[in-house]
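Residue strings, one per chain:
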Amino acid sequence: MSNFALSAITTIRNNTSKILGRFSPKLDPAYLGHRVNLPNPGDAKELLVQLFGDAIAELIGSENIDTNTWVENWIHNRIEEKTINLAGQNLTIDSEILCQIISADSPDLNTKIASATKISLGKKAPKLASQLFQYGDIQIEDSDISFAKLTHHKNIFLPQQKRPMLTLGTIIKSITSNLYYICMQQRCDSVRIQGDRRFLFLPLEQNEDHCSIIVSKESKFRINESSYALKTIKFRANNDEQAIYAVKNDNGKYLFTSIHQEQYEWVVDLKEMHAQRIVNNYCAQLSRVGLNESEWLRLQAK
């Protein structure tokens with residue numbers, strides 16, 4: 001991971017002139033024309049951040065960074081022969097076996113492992129994959145959680161410097177009940193607010209074994225996507241900001257305060273596409289059709 005980060009930084013540095021060419025002063029009039037047309041001029045900065053991030057991602061993606069050789073070198077430099085217990089099976093692995101597993105063509109991990117070790121782990125194999133590569137004093141669960149947060153969390157550099165805004169994908173925790181919620185309000189309905197506005201939330205339920213959202217090692221959640229679980233909370237926007245922003249308290253925590261003076265601690269924001277997937281899954285639940293029909297006929301279709 002660090003090798004990739006360094007290669008990406010090198011790519012950016014080597015292409016500075018190309019980046020500046022795309023973000024040239026010739027675009028200033030167009031940008032200012034865009035900004036002056038917006039009801040909320042602050043949105044213009046968000047567009048710049050998005051455009052620059054997309055440009056950097058395209059630039060790095062176009063570079064031929066050969067991660068395959070990194071993988072094999074990593075395995076040979078760090079993995080020694082060892083026996084580990086996975087799914088009740090004692091599995092002996094070394095660098096050659098891991099290279100064989102990681103380069104196999106089969107899409108099924110258990111098939112790859114069985115082919116290299118003659119031992120089958122069954123359906124549990126995918127969840128145990130990271131343990132194959134454990135070395136030194138690294139804790140596998142900590143490694144998995146940190147990588148999951150990197151892929152899902154929008155805020156990977158904490159503590160947060162900018163005041164969080166309440167919008168789609170924002171996770172909050174009630175100060176009074178310690179219950180967690182995720183905001184379902186679309187981004188276009190989270191800005192240009194005059195006065196009060198209701199925000200939609202779904203509750204997060206603690207679930208160690210089947211979680212879809214990880215906040216920390218101790219906080220793993222599933223989303224209650226039942227239609228009856230939807231919660232609304234009303235907030236009031238500052239007239240100058242036209243959005244709901246958290247306020248930092250004396251302990252350094254950001255709090256959202258409802259019109260009823262209920263306080264909710266900002267926890268993290270999910271990345272846009274992950275948050276949108278949650279909305280899509282919830283809408284799919286709403287579109288279910290319940291019919292009174294022949295039970296015999298319904299069972300034939302299963």
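Here the structure is a predicted model, which means the values were calculated and not measured.

Asker: Help me understand the packing of helix α6 (residues 95-103) against helix α7 (residues 109-117), please; the structure alone is not making it clear to me.
Answerer: Helix-helix packing is characterised by the crossing angle of the two axes and by the distance between the axes. Relative to each other, α6 and α7 sit at 145°, their axes nearing to 9 Å. Judged by the sense of rotation from one axis to the other, the crossing of α6 with α7 is right-handed. Of α7, the residues touching α6 (which contributes I97, Q100 and I101) are L109, K112, I113, S115, A116 and T117. Among the residues making up the contact of α6 with α7, the classes are represented as five nonpolar, three polar and one charged.

Asker: Just checking my understanding: could you explain the layout of surface pockets for this structure?
Answerer: If you add up the space inside the second largest pocket, you get close to 540 Å³. In this structure, the second largest pocket is lined by 16 residues; those nearest its centre are K127, D144, C211, I214 and K220. Broken down by element, the residue count for the lining of the second largest pocket peaks at five residues, all from helix α8 (residues 140-152). A breakdown of the residues in the lining of the second largest pocket according to their chemical character gives seven nonpolar, three polar and six charged.

Asker: Hey, could you run me through the pairing of strand β2 (residues 89-93) in this one?
Answerer: A regular strand carries its side chains on alternate faces of the sheet. Here strand β1 (residues 82-86) runs beside β2; their pairing, made up of five bridges, is antiparallel. When the bridges of β2 are listed, N85 appears paired with N90. The hairpin turn running from β1 into β2, its antiparallel successor, is two residues long, and A87 in that turn takes a positive phi close to 50°.

Asker: Mind showing me how you'd approach the pattern of salt bridges here?
Answerer: Side-chain pairs of opposite charge can arise where the charged atoms are in close proximity. Following the criterion strictly, the structure yields eight salt bridges and no others. Between E241 and R163 there is a salt bridge whose closest N-O contact spans 2.1 Å. In this pair, E241 sits in the loop between β8 (231-236) and β9 (247-248) while R163 sits in the loop between α8 and β3 (170-174), placing the two residues 78 residues apart along the sequence. Note that K220 and E208 form a salt bridge whose closest N and O atoms lie 3.0 Å from each other. On the criterion of sequence distance, the pair formed by K220 in strand β7 (residues 219-223) and E208 in the loop between β5 (196-206) and β6 (213-216) is long-range, its members being twelve residues apart. Note on E208: relative accessible area 46%, which makes it partly exposed. Residues joined by salt bridges that share partners form a network here, namely E141, E208 and K220.

Asker: What is the right way to look at the pairing of strand β4 (residues 180-183) in this model?
Answerer: Burial along β4 is two-sided: Y180 and I182 and Y181 and C183, pointing in opposite directions, are all buried. Note: β3 against β4, three bridges, orientation antiparallel. Bridging from a neighbouring strand, I172 pairs with Y181 of β4. Adjacent in sequence and paired antiparallel, β3 and β4 are bridged by five residues, among which N178 carries a positive phi angle near 65°.

The rules behind these values
- Residues numbered from 1 in each chain as written.
- Predicted model: local features only at pLDDT ≥ 70, side-chain atom pairs only at ≥ 80, totals over all residues.
- Heavy atoms only, no water.
- Axes fitted to C-alpha atoms, helices over the stretch in contact; angles between N-to-C directions.
- Helix = DSSP H or I, 4+ residues; strand = E, 2+ residues; numbered from the N terminus.
- Left-handed = near helix turned anticlockwise from the far one by under 90°.
- Contact = heavy atoms within 4.5 Å.
- Nonpolar A, V, L, I, M, F, W, Y, C, P; charged D, E, K, R; others polar.
- 1 Å grid on protein atoms, 1.4 Å probe; cavity = no way out; pocket = protein on both sides within 12 Å on 5 of 7 lines; lining within 4 Å.
- Points joined across faces, edges and corners; volume = space filled by probe spheres on them.
- Pairing = 2+ DSSP bridges.
- Salt bridge = Lys/Arg side-chain N within 4 Å of Asp/Glu carboxyl O.
- Buried < 20%, exposed > 50% of the residue type's maximum accessible area, 1.4 Å probe, protein only.

Coordinates in, geometry out; function isn't part of it.
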